[in-house]
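Summary of structural features
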Amino acid sequence: MTGPPIVKGTAAWKYFGDFRAGLLAGQVLVLQVAHPVVAAGVRDHSDYVEDPWTRLMRTAASLSIYIYGGPAGAQYEADRLRALHREFTGVDTDGRRYSALNPHAYAWVHATLVMVPVDTQRFYGTPMTRPELDEYYAQMCDVGRLLGLREQDLPPTWPEFERYYGEMLDGFGPNETISTLFETIRTVKKPWRWLPDERWERPRRWQYRGQMFVIRGTLPPALRARLGLQWTERDQRRFDRFRAVVRFFGGLVPTTLRSSLVRRIGKLNVWFRAHPRAYRFLGGTTGPGSSRNS
């Protein structure tokens with residue numbers, strides 16, 4: 001299944017960079033590390049515990065290139081990521097060797113990213129129509145092929161993808177990396193060194209409560225229960241009010257502007273690829289997303 005090029009007006013162009021997707025950052029991290037191979041790779045090779053802010057920015061930069069950086073930029077980023085992840089190997093908690101390029105784990109990470117814009121519209125916007133879903137999914141399959149996913153790891157249609165996604169979720173439960181992620185959110189370091197520690201304590205508590213509330217509200221209910229995360233009817237009412245506010249104010253922003261920031265980031269990152277000296281001058285290494293695990 002192939003889709004149209006990702007150009008202005010197509011489903012991926014409109015929805016992937018919607019600024020409201022930032023509200024799902026914690027949820028998608030939980031879903032990714034729920035996979036045991038991904039969990040082992042993050043545990044052994046990611047620096048998100050020491051520097052979650054930088055890792056989040058690197059991931060956003062990488063994703064922006066796939067959708068808004070043009071075919072050449074997307075291919076460059078795909079090749080870079082595969083080369084980077086080829087180095088990530090180790091032994092999981094059951095004593096089995098793993099590779100970050102394990103095809104099933106690699107496909108699952110892609111699947112969680114495919115679902116982000118769909119969930120963004122479902123929770124905070126207007127759900128995509130079936131024609132939009134078909135077009136969007138076909139475009140994201142093309143992105144998956146760029147990443148090196150095998151055809152057998154790409155369900156051919158949106159309904160088949162939904163079934164695959166649900167079946168994967170049914171097999172996940174608690175693990176050490178998810179617990180570490182929650183603890184990292186609770187104790188996250190201040191984003192700027194110059195910020196006094198005492199000034200960060202209260203915002204840190206607020207961000208922890210807010211992030212965990214949104215994570216609990218957006219996780220699939222069955223997985224949320226297996227992770228031992230409580231969710232009451234009162235929580236649901238509060239979350240519904242929160243969603244309504246985000247939907248209202250987000251709806252005031254024209255569709256073409258909702259992804260404008262991420263589109264600009266994608267184009268800027270492609271420019272940095274062509275001008276690596278400029279990126280190094282600003283404090284980078286070999287390009288956006290180049291440091292450790294993206």
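Look up: the structure comes first, before these words.
No experiment lies behind these values; they were computed from the predicted model shown.

Let's shift gears to the nonpolar core. Residues Tyr66, Tyr136 and Phe161 are the most contacted members of the largest nonpolar core, which totals 65 residues. A per-element tally of this core places helix H6 (residues 103–124) first, with 12 residues. When residues no more than four places from it in sequence are discounted, the contact partners of Tyr66 are Ala74, Glu77, Ala78, Leu81, Val143 and Leu147.

Moving on: helix H12 (residues 233–251). Taking 1.5 Å of rise per residue, 19 residues should cover 27 Å, and H12 covers 26 Å from first to last C-alpha, within 8% of that figure. Inspection of H12 places Asp235, Phe239, Arg243, Val246 and Gly250 among the buried residues, and these make up the whole buried set. Projected down its long axis, H12 carries its buried residues within an arc of 70°, all on one side. Those residues of H12 that are exposed and angled more than 90 degrees off the buried face are Glu233, Arg234, Arg241, Phe248 and Phe249. Those residues of H12 that are buried are in contact with H6, helix H10 (197–218) and helix H13 (255–258).

Moving on: the side chain of Arg258. Structurally, the position occupied by Arg258 is in helix H13. The buried charged residue Arg258 lacks any salt bridge, with Asp18 as its nearest oppositely charged partner at 4.8 Å. At a separation of 3.3 Å, a polar atom in the side chain of Arg258 contacts the main-chain carbonyl oxygen of Gly250. With residues near it in sequence (within four places) discarded, Arg258 still touches Gly17, Asp18, Phe19, Arg20, Gly250, Gly251 and Val253.

The rules behind each value
Residues numbered from 1 in each chain as written. Predicted model: local features only at pLDDT ≥ 70, side-chain atom pairs only at ≥ 80, totals over all residues. Heavy atoms only, no water. Core = buried A, V, L, I, M, F, W, Y, C linked by side-chain atoms within 4.5 Å. Buried < 20%, exposed > 50% of the residue type's maximum accessible area, 1.4 Å probe, protein only. Helix = DSSP H or I, 4+ residues; strand = E, 2+ residues; numbered from the N terminus. Contact = heavy atoms within 4.5 Å. Expected span 1.5 Å × (residues − 1). Arc of directions from axis to C-beta. Lys, Arg positive; Asp, Glu negative; His and termini not counted. Salt bridge = Lys/Arg side-chain N within 4 Å of Asp/Glu carboxyl O. Polar contact = N/O pair within 3.5 Å; in protein donor to acceptor, adjacent residues only side chain to side chain.

In short, the description is geometric, and any link to function would need to be established separately.
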